[in-house]
Amino acid sequence: MGRNAKNFSRQSPTVNLQPESIARDDPRYLARLRERLVEDAPPELTALGNLDLLALRKTALFCSARCPGKVILTTYDQAAKWRDAGRCVISGFHSPVEKECLQILLRGSQPIIICPARALPQRLPPEWKRPLAAGRLLLLSAFAATLNRVTSELASQRNEFVAALADEVFIAHAAVGGHLETLARRLRSWDIPLLSPSSGPLK
């Protein structure tokens, strides 16, 4: 179980501002990835930022690209609550709702883990640089450097990777027949708490 993120700002993080590789036999490679993904566990990870964030308790955020308006507002409110509570949130932050939640979280001081559905980007958005240097941001990719374009298949693999790293998963909206609906079934087999706007207020 990961550490609580509330005391995160009191620590002096070790931040790597150059990408580094973590092989599956590296002690820093998370055991839960091997346990949950088994043979599908990525052979190597690429990380940029504060690897200590992986030891924190993490909430994964997912939302389909198309989402009802009522759910959108509820999810933005939830992101603000996570920000104010200092919760560590992990996501691909790729769909429109996820992207807006990232902007909400970046305005706080809590830790964030971003997992792209591709290799790590060569150029970072300007708004990522300060939290990265402060040690509150980690970029983590499960894909080879040659995979530099997002595809539906890579996005599906990324979502499983993010969920496998998490202690709990919040799915704001899963489109019928979509990847997130399939992912929700796998989460139940992993016994990961699955939350949604209909679950009621989250702490």
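Residues numbered from 1 in each chain as written. Predicted model: local features only at pLDDT ≥ 70, side-chain atom pairs only at ≥ 80, totals over all residues. Heavy atoms only, no water.

Caption draft 1: Helix α4 (residues 126-133), seen in detail. Residues of α4 that are buried: W128, P131 and L132. The buried residues of α4 all sit within an arc of 105 degrees when viewed along its axis, so they share a single face. Opposite the packed face of α4, turned more than 90 degrees from it, sit the exposed residues P126, K129, R130 and A133. Its buried side turned inward, α4 meets β1 (16-23), β2 (44-49), α3 (96-106), β5 (112-114) and β6 (137-141). (Buried < 20%, exposed > 50% of the residue type's maximum accessible area, 1.4 Å probe, protein only. Helix = DSSP H or I, 4+ residues; strand = E, 2+ residues; numbered from the N terminus. Arc of directions from axis to C-beta. Contact = heavy atoms within 4.5 Å.)

Caption draft 2: Representation of the pairing of β2. Extensive coverage of β2 is indicated by the burial of five of its six residues. Pairing geometry for β1 and β2, over five bridges, is antiparallel. Residue pairing for β2: E20 is matched across the bridge by A47. Where β2 lies against β6, four bridges are found, and the strand directions are antiparallel. Of the residues in β6, the one forming a bridge with L48 is L139. (Pairing = 2+ DSSP bridges.)

Caption draft 3: Structural context of the sheet that holds β2. Read from one edge to the other, the open sheet built from eight strands follows the order β1-β2-β6-β5-β4-β3-β7-β8, with strand pairing classed as mixed. This sheet does not close on itself; its edge strands, each paired only once, are β1 and β8 (194-195). Summarising the sheet, strand β4 (residues 88-91) and β5 pair through three bridges and their orientation is parallel. Across the sheet, residue V89 finds its bridge partner in β5, namely I112. Contacting β2, β3 (58-62), β4, β6 and β7 (168-171), helix α5 (residues 152-165) runs over the sheet at an angle of about 155 degrees to β3. (Axes fitted to C-alpha atoms, helices over the stretch in contact; angles between N-to-C directions.)

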